[in-house]
Amino acid sequence: MQVLEDPYQFQAYCASLDASHALGFIPTMGAIHEGHLSLVRASRRQDEVTAVSIFVNPTQFGPSEDLANYPRHLEQDLALLEKEGVQVVFTPTPEGMYPNGVATFVDVADLGQRLCGASRPGHFRGVATVVFKLFQLAAPTRAYFGQKDAAQVAVVRRMIHDLFLPVELVVGPIVRERDGLALSSRNAYLSPAERHSARIISRALRIIGEAFDSGERSTPRLLMKGTEVIENEPGLRLDYLTAVDGDTLLPVAEAVPGTLIAVAALVGSTRLIDNARVDHDDLYLL
Ligand code: AMP
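Residues numbered from 1 in each chain as written. Predicted model: local features only at pLDDT ≥ 70, side-chain atom pairs only at ≥ 80, totals over all residues. Heavy atoms only, no water.

**Student:** It is not clear to me how the overall build of the protein chain should be interpreted in this structure. Could you clarify?
**Tutor:** Counting its secondary structure elements, the protein chain contains nine helices and nine strands. On C-alpha atoms alone, the protein chain measures out to a radius of gyration of 19 Å, which is about the 19 Å that the 2.2 N^0.38 rule sets for 286 residues. Within the protein chain, the proportion of its 286 residues that are buried is 53%. The long-range fraction of contacts in the protein chain, counting pairs at least 24 apart against all pairs at least 6 apart in sequence, stands at 73%. Measuring between centres, the 26 positive side-chain charges of the protein chain sit 3 Å from its 35 negative side-chain charges. (Helix = DSSP H or I, 4+ residues; strand = E, 2+ residues; numbered from the N terminus. Rg over C-alpha atoms; globule rule 2.2 N^0.38 Å. Buried < 20%, exposed > 50% of the residue type's maximum accessible area, 1.4 Å probe, protein only. Contact = heavy atoms within 4.5 Å. Lys, Arg positive; Asp, Glu negative; His and termini not counted. Charge placed at Lys NZ, Arg CZ, Asp CG, Glu CD.)

**Student:** Can you walk me through the pattern of salt bridges in this structure?
**Tutor:** For side chains bearing opposite charge, pairing can occur when the charged atoms are close. A complete count under the given rule lists 14 salt bridges for this structure. We note a salt bridge from arginine 120 to glutamate 65, for which the minimum N-O separation is 2.6 Å. On the criterion of sequence distance, the pair formed by arginine 120 in the loop between helix H5 (116–119) and helix H6 (123–138) and glutamate 65 in the loop between strand S3 (49–54) and helix H3 (74–83) is long-range, its members being 55 residues apart. In this structure arginine 120 comes out as buried when scored by relative accessible area, which is 11%. Residue glutamate 65 is classed as partly exposed on the basis of its relative accessible area of 29%. (Salt bridge = Lys/Arg side-chain N within 4 Å of Asp/Glu carboxyl O.)

**Student:** Looking at this structure, I do not really get the site of the ligand. What am I missing?
**Tutor:** The environment of the ligand is formed by 17 residues, the closest being Met29, His36, Asp149, Val175 and Leu183. The contact in question runs from an oxygen atom of the ligand to an N or O atom on the backbone of methionine 29, over 2.9 Å. With respect to the ligand, the side chain of aspartate 149 contributes an N or O atom lying 2.6 Å from an oxygen atom. Taking 480 Å² as the accessible area of the ligand by itself, protein coverage stands at 93%. For the shell around the ligand, the secondary-structure elements that each account for two or more residues are strand S2 (23–28), helix H2 (34–46) and strand S5 (142–146). It is H2 that provides the largest number of residues to the shell around the ligand, a total of three residues. When the residues that make up the shell around the ligand are grouped by side-chain class, the tally is nine nonpolar, six polar and two charged. (Near = heavy atom within 4 Å. Polar contact = N/O pair within 3.5 Å; in protein donor to acceptor, adjacent residues only side chain to side chain. Areas by Shrake-Rupley, 256 points an atom, 1.4 Å probe, with all protein chains shown as cover. Nonpolar A, V, L, I, M, F, W, Y, C, P; charged D, E, K, R; others polar.)

**Student:** What exactly am I supposed to notice about the sheet that holds strand S1 (residues 2–4) here?
**Tutor:** Spatially, S1-S4-S3-S2-S5-S6 is the arrangement adopted by the six strands of the open sheet, whose pairing is parallel. Edge positions in the sheet fall to S1 and strand S6 (168–172), since each of these pairs with one other strand and no more. Here the strands of the sheet are splayed against their neighbours by 25° on average, with no regard to which way each runs. By the bridge criterion, three bridges tie S3 to strand S4 (residues 88–90) in an arrangement that is parallel. Looking at S4, one finds that valine 52 is bridged to valine 89. Of the strands in this sheet, S2, S3, S5 and S6 are in contact with H2, which crosses S5 at around 155°. Sitting on the sheet, helix H7 (residues 150–162) is in contact with S5 and S6, with an inclination near 170° to S6. (Pairing = 2+ DSSP bridges. Axes fitted to C-alpha atoms, helices over the stretch in contact; angles between N-to-C directions.)

**Student:** Where do I start with the packing of helix H8 (residues 192–213) against helix H9 (residues 219–231) in this structure?
**Tutor:** Axis angle and axis distance: for two packed helices, these are the angle between their axes and the distance between the axes, and together they describe the pair. Taken N-terminus to C-terminus, the directions of H8 and H9 make an angle of 150°; their axes are 8 Å apart at the nearest point. Overall, the two elements H8 and H9 adopt an arrangement that is roughly antiparallel. Seen along the crossing, H8 lies across H9 with a hand that is right-handed. Between H8 and H9, the residues in contact are Ile200, Arg203, Ala204, Ile207, Ile208, Ala211 and Phe212 and Leu222, Leu223, Lys225, Gly226, Val229 and Ile230, respectively. Per-class residue counts for the contact of H8 with H9 are ten nonpolar, one polar and two charged. (Parallel < 35°, antiparallel > 145°, perpendicular 65-115°, else oblique. Left-handed = near helix turned anticlockwise from the far one by under 90°.)

**Student:** Explain the side chain of asparagine 187 here, please?
**Tutor:** Here asparagine 187 is to be found in the loop between S6 and H8. The exposure class assigned to asparagine 187 is buried, which follows from its relative accessible area of 14%. Apart from residues lying up to four places away in sequence, asparagine 187 is in contact with Leu181, Ala182 and Leu272.

**Student:** Sorry if this is basic, but what is going on with the packing of H6 against H7 here?
**Tutor:** In contact at an axis separation of 10 Å, H6 and H7 are set at 55° when each is read in the N-to-C sense. Overall, the two elements H6 and H7 adopt an arrangement that is oblique. Between H6 and H7 the crossing geometry is right-handed. Between H6 and H7, the contacting residues are Phe124, Val127, Ala128, Val131, Phe132 and Phe135 on the first element and Ala151, Gln152, Val155, Val156, Met159 and Ile160 on the second. When its residues are assigned to classes, the contact of H6 with H7 shows eleven nonpolar, one polar and no charged.

**Student:** Could you clarify how one ought to interpret the sheet that holds strand S8 (residues 260–267) in this entry?
**Tutor:** Remark on secondary structure: sheet strands pair via backbone hydrogen bonds, oriented parallel or antiparallel. The strand order S7-S8-S9 describes an open sheet built from three strands, whose pairing is antiparallel. Each edge of the open sheet is held by one strand with a lone partner, namely strand S7 (236–244) and strand S9 (270–277). Direction aside, neighbouring strands of the sheet carry axes that sit 15° apart on average. Direction of pairing for S7 relative to S8: antiparallel, over a ladder of eight bridges. In the strand pairing of S8, leucine 236 is matched with valine 267.

Below is the structure:
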């Protein structure tokens, strides 16, 4: 497995691959877990070459967010990726990715303000910018993203479309713990008590899904059921719980199969997100 820190070396490596071979690319911020590995395995099944990037991207963090504390376990991450048969890992530094500071941005203006974009101004501009730059370096055939970050998927899909990027977007399902908690590198921040509270987030999504299956279509009534569950858990503080169209991220008044229920909640000082599409995503593992 090649581990490359220099952007130009990574670009040269990707450019040197046999043009008839598919290159699958999985951008990550590291602290690799089964959610990331599910995307790696999807690429290993489809693509001749699988590339992963590990980069805690400063431009997608707000000034009071967890950039400095974000978990970093490079050696462990590399061992996990090597075991999966990944051929190349790109591990740039912030100076390498932004050698002259940050003057050039990619901004998917309207989508970037929705869901987490409302409470994390500039977050999706940072995401779109770094993903675009990574695509310029890797020039992948396919890029793999997790449904866990549903708004990120919508932003990247729109960017690919608007900028005619020659890459196929593959979206992998959310990998969860046995009690339903979506895997996240940020789960490492949780104390045992917070971890216990956190399981309620996916329970709220499941209850909304069940109400939809029983025939409820009014989103205010569906969301009320989920809000109650979250507000009854003293360890959680709701940021948003909303029902939106998965492509536009705009709220819908009536839920239809595929409507995205998205939630963000604070567990102590850790902000967790989760989502499910009614009638599409199976959350019945609790
Ligand atoms: P991150 O390192 O958190 O930026 O995530 C890198 C990629 O892994 C993103 O496309 C995420 O959506 C995806 N991912 C993170 N957690 C999960 C999960 N629990 N299930 C599936 N994909 C995930």
